[in-house]
Amino acid sequence: MKKIAIIGGGAAGFFTAANLGKELGKQTVIFEQSPAPLQKVRVSGGGRCNVTHACFDPRELVEFYPRGKKELLSVFHQFQPGDTMEWFESRNVPLKVEEDNRIFPVSDNSMSIIEALMKEVEKNQVEIRLSENVLKIEKKENHFLVHTKSEVLPFEKVIFTPGSSVKSMDILRNLRHKIVKPVPSLFTFNIKDERLKDLMGISFEWSEIAIPQFKLEAEGPLLITHWGLSGPGILRLSAWGALELNKANYEFSIRINFIQQDKEYCIDFLNELKLEHAKKLVQNINPFSFPKRFWHRLLEVCKIPVDLTFSHLNKQQIQALATELTEGIYQVKGKSTFKDEFVTAGGVDLKEVDFKTMESKVCPNLFLAGEILNIDAITGGFNFQACWSEGHIIAKHLESIN
Ligand SMILES: Cc1cc2nc3c(=O)[nH]c(=O)nc-3n(C[C@H](O)[C@H](O)[C@H](O)COP(=O)(O)OP(=O)(O)OC[C@H]3O[C@@H](n4cnc5c(N)ncnc54)[C@H](O)[C@@H]3O)c2cc1C
């Protein structure tokens, strides 16, 4: 009889198994419902796998997690991105830090990460059972019974890392866990607006975006898509507002500042331009270096004719232009998935987990890691980092009590 069952062969399950050592490894079985493990790692980061983020201070790092911030502080004090880098690099996976601090394998291929994990799990002699769906887990006095379609197997300890499927949440409910309702995070906003029509592909280096109704603000690059708006600023808002936006049925308004200056400053600036370029056509100046099509669209919206010179720009037109530039309001109706990349907010209530060991407080000898927990982050490698850190903690704890 083997001692440990890992349910789910994804990032969290494999990293736990990869750190168990041989002694525990050979007493461990990974159950994975699909014919191949680590499928999300394979497609992650557009096939490149954004494995972690170059942020090495746990207090700064937790700021990227809309849910789990408080609990992850102690977790990252034990294992943080620097440790992740060392772990993979010492296993012949050189990593690189990109300009925006995201970290990828130098190979730009997620297979490098998968192969390193597989190799380590094989070295630890962990048994991997593919196409084995765990249907139920029963808690007995001193052990668990793990039910698959064909077998019922006893284990002393269960490490539960099945990601965010609804079925896996039901398994935990049966073990008396409280589940915070799962809702999507990391999505783009659907907006039908004449101001954005046919401008798909236009991007802005930096914008400030707010959802006044929920007092949410974010900044970053912004992109006009076929459906509305995307880009890091929008994704951050979708993560921080995941719960409120779900409650609002994804209908709300956003306010965009395209120039990171307030309206008064913008009015003064446009009045200065009026003096400086009196004889020039407003449409030819484009003072904020926007893509031409967008500048022309703004002028159209503000009823500024194509043949108007700056000297003829009136007070109302300046007001209207400054409003559009610094506090344009757009109505969002619905959401879309970002490049198929999404995470789920919600999952196991964090009060029910001891973050020193990742053991359940409700069901002793059950350990939890990865997306099944009510923890999620914005894009940038943070979601995997939570999986690596939690998995490492479980493995080291089990080794220490073995
Ligand atoms: C397209 C995409 C790209 C992403 N890119 C990045 C990125 O570059 N960087 C980043 O940090 N994050 C990224 N993420 C998020 C990241 O992939 C997840 O946060 C992470 O995979 C969660 O790991 P996990 O082990 O908890 O769950 P998963 O990776 O979902 O693994 C869970 C595994 O458990 C199995 N399973 C489920 N239920 C059962 C059961 N009952 N019995 C047996 N097996 C079961 C599933 O088949 C699955 O293989 C991306 C997400 C997506 C969708």
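Residues numbered from 1 in each chain as written. Predicted model: local features only at pLDDT ≥ 70, side-chain atom pairs only at ≥ 80, totals over all residues. Heavy atoms only, no water.

## Focus: the nonpolar core
At step 1: In terms of nonpolar packing, the biggest core is built from 83 residues, with Phe88 and Leu117 touching the most fellow members.
At step 2: A total of 9 residues in this core trace back to one element, the largest contributor, which is helix α15 (residues 382–401).
At step 3: Two domains each donate at least three residues to this core, and these are domain 1 (4–184 + 344–401) and domain 2 (187–340).
At step 4: Ignoring anything within four residues of it in the chain, the contact list for Leu117 reads Phe14, Phe15, Ala18, Leu38, Trp87, Phe88 and Trp388.
At step 5: The next biggest cluster of nonpolar side chains, apart from the first, holds 44 residues, and it includes Ile224, Phe252, Ile254 and Phe310. (Core = buried A, V, L, I, M, F, W, Y, C linked by side-chain atoms within 4.5 Å. Buried < 20%, exposed > 50% of the residue type's maximum accessible area, 1.4 Å probe, protein only. Helix = DSSP H or I, 4+ residues; strand = E, 2+ residues; numbered from the N terminus. Domains from an automatic or database assignment. Contact = heavy atoms within 4.5 Å.)

## Examining the side chain of Ser230
At step 1: Positionally, Ser230 belongs in strand β15 (residues 228–230).
At step 2: The buried category is assigned to Ser230, whose relative accessible area is 5%.
At step 3: In this structure Ser230 touches Thr188, Pro221, Leu222, Leu223, Thr225 and Phe338, once residues within four positions along its chain are discounted.

## Examining the site of the ligand
At step 1: Every one of the 32 residues lining the ligand counts as a neighbour, but Ala12, Glu32, Val134, Glu371 and Phe384 are closest to it.
At step 2: Contact between the ligand and Glu32: an oxygen atom at 2.6 Å from a side-chain N or O atom of the residue.
At step 3: Broken down by element, the residue count for the shell around the ligand peaks at 4 residues, all from α15.
At step 4: Each residue belonging to the shell around the ligand can be placed in one class, and the counts come to 12 nonpolar, 14 polar and 6 charged. (Near = heavy atom within 4 Å. Polar contact = N/O pair within 3.5 Å; in protein donor to acceptor, adjacent residues only side chain to side chain. Nonpolar A, V, L, I, M, F, W, Y, C, P; charged D, E, K, R; others polar.)

## Section: the pairing of strand β2 (residues 28–31)
At step 1: With burial as the criterion, each face of β2 is covered, one bearing Thr28 and Ile30 and the other bearing Val29 and Phe31.
At step 2: Of the strand pairs in this sheet, strand β1 (residues 4–7) and β2 are connected by 4 bridges, and their pairing is parallel. The residue of β2 that forms the bridge with Ala5 is Val29.
At step 3: Across 3 bridges, the pairing between β2 and strand β6 (residues 127–129) is parallel. Following the sheet pairing, Val29 is matched in β6 by Glu127. (Pairing = 2+ DSSP bridges.)

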